[in-house]
Amino acid sequence: ELGGHGAGGGAAEDGDGVGGAGHRHGHLRLAGDRLSITAGFRYDKQSSTENDLDHSPLDPLTGKYTSYAKEKVEFSKVSPRLAVIYHGGEHYSFKALAGRAFRSPSMDSIFSANTYQFGSTRGIKPEVIDTYELVSDWRVNPHLNWRINAFQSTFKDFIGFEFNFLRLTNVY
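Since we're looking at a predicted model, the values are computed, not measured.

Enquirer: Describe in detail the pattern of salt bridges, supporting the description with residues and values.
Expert: Under the defined criterion, the tally for this structure stands at six salt bridges. Taking the shortest distance from any N to any O, the salt bridge between D130 and R100 comes out at 2.6 Å. One end of the pair, D130, is in strand β6 (residues 127-141); the other, R100, is in strand β5 (residues 92-103), with 30 residues separating them in the sequence. Residue D130 is classed as buried on the basis of its relative accessible area, which comes to 17%. Where R147 meets D137, a salt bridge forms, and the shortest distance between an N and an O atom there is 2.7 Å.

And the structure:
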């Protein structure tokens, strides 16, 4: 049996910022419903245009103030997920799962710290986490379920505060 589902997501606009997301997934059943495979992904996009405070609006040639230069920041990522589930009977199942997720820095994190008081956070990248998981479920009786999980998560570009420079940055 083959099935699937998805959504186009939506877009949200906030001032000069825009964001949107969409996802798709499908599943496949094999071996008389004893084995199922589900795969999917999510696509996210976020963008904003803000004043560039690193450059003065004072024109050095005329001595007059102009408007700040605008700076556009955009993040987009695909987050895949895969699950393989073996149903060993009415009371037992085993799952192997893998996935990737991300969190983009908020526009406030990027631009509100970019003031004359705090350091610029431009160049900051979205956090990414890759997760792998094994799960064993055994329903001993209607009132008792025994579950064992093992997982590994790997973070990349973790966003944290750097006290030396008073700014948010990718810590590791």
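Moving on, there is more to tell.
Enquirer: Report on a nonpolar patch on the surface, specifying residues and quantitative values.
Expert: Side chains of Y86, Y92, F94, L134, W138, V140, L144, W146 and I148 sit close together on the surface and give an oily, nonpolar patch of about 840 Å² of accessible area. For the nonpolar patch, the secondary structure elements donating two or more residues are β5, β6 and β7 (144-156). Structurally, the position occupied by F94 is in strand β5.

Enquirer: Account for the environment of A150, with residues named and values stated.
Expert: Its place among the elements puts A150 in strand β7. For the pair A150 and S136, spaced 14 residues apart in sequence, the C-alpha separation works out to 9.1 Å. Beyond its immediate sequence surroundings of up to four residues, A150 is in contact with Y132, E133 and L134.

Enquirer: Quick rundown of the pairing of β7? Include the residues and the values.
Expert: Judged from the 13 bridges that link them, β6 and β7 form a sheet pairing that is antiparallel. Paired with V128 across the two strands is K156, which belongs to β7. Counting the residues in the hairpin turn of β6 and β7 gives two residues.

Enquirer: So what about unusual backbone geometry? Which residues, and what values?
Expert: In this structure, D33 is a non-glycine residue whose phi angle is positive, near 70°. For D33, the position within the fold is in the loop between β2 (17-30) and β3 (35-51). With phi around 60°, D157 is a residue other than glycine that occupies positive phi space. The residue D157 is located in the loop between β7 and β8 (159-162) in this model.

Enquirer: Tell me about the environment of S153, and please be specific about residues and values.
Expert: Its place among the elements puts S153 in strand β7. It is 9.5 Å that separates the C-alpha atoms of S153 and R100, two residues lying 53 residues apart in sequence. Those residues in contact with S153 that lie beyond four places of it in its chain are I129, D130 and T131. Among the polar contacts listed, one links the side chain of S153 to the side chain of T131, at a separation of 3.4 Å.

Reading the values: the criteria
Residues numbered from 1 in each chain as written. Predicted model: local features only at pLDDT ≥ 70, side-chain atom pairs only at ≥ 80, totals over all residues. Heavy atoms only, no water. Salt bridge = Lys/Arg side-chain N within 4 Å of Asp/Glu carboxyl O. Helix = DSSP H or I, 4+ residues; strand = E, 2+ residues; numbered from the N terminus. Buried < 20%, exposed > 50% of the residue type's maximum accessible area, 1.4 Å probe, protein only. Patch = residues over 30% accessible without salt bridge, like charges linked within 9 Å, V, L, I, M, F, W, Y side chains within 5 Å. Areas by Shrake-Rupley, 256 points an atom, 1.4 Å probe, with all protein chains shown as cover. Contact = heavy atoms within 4.5 Å. Pairing = 2+ DSSP bridges. Polar contact = N/O pair within 3.5 Å; in protein donor to acceptor, adjacent residues only side chain to side chain.

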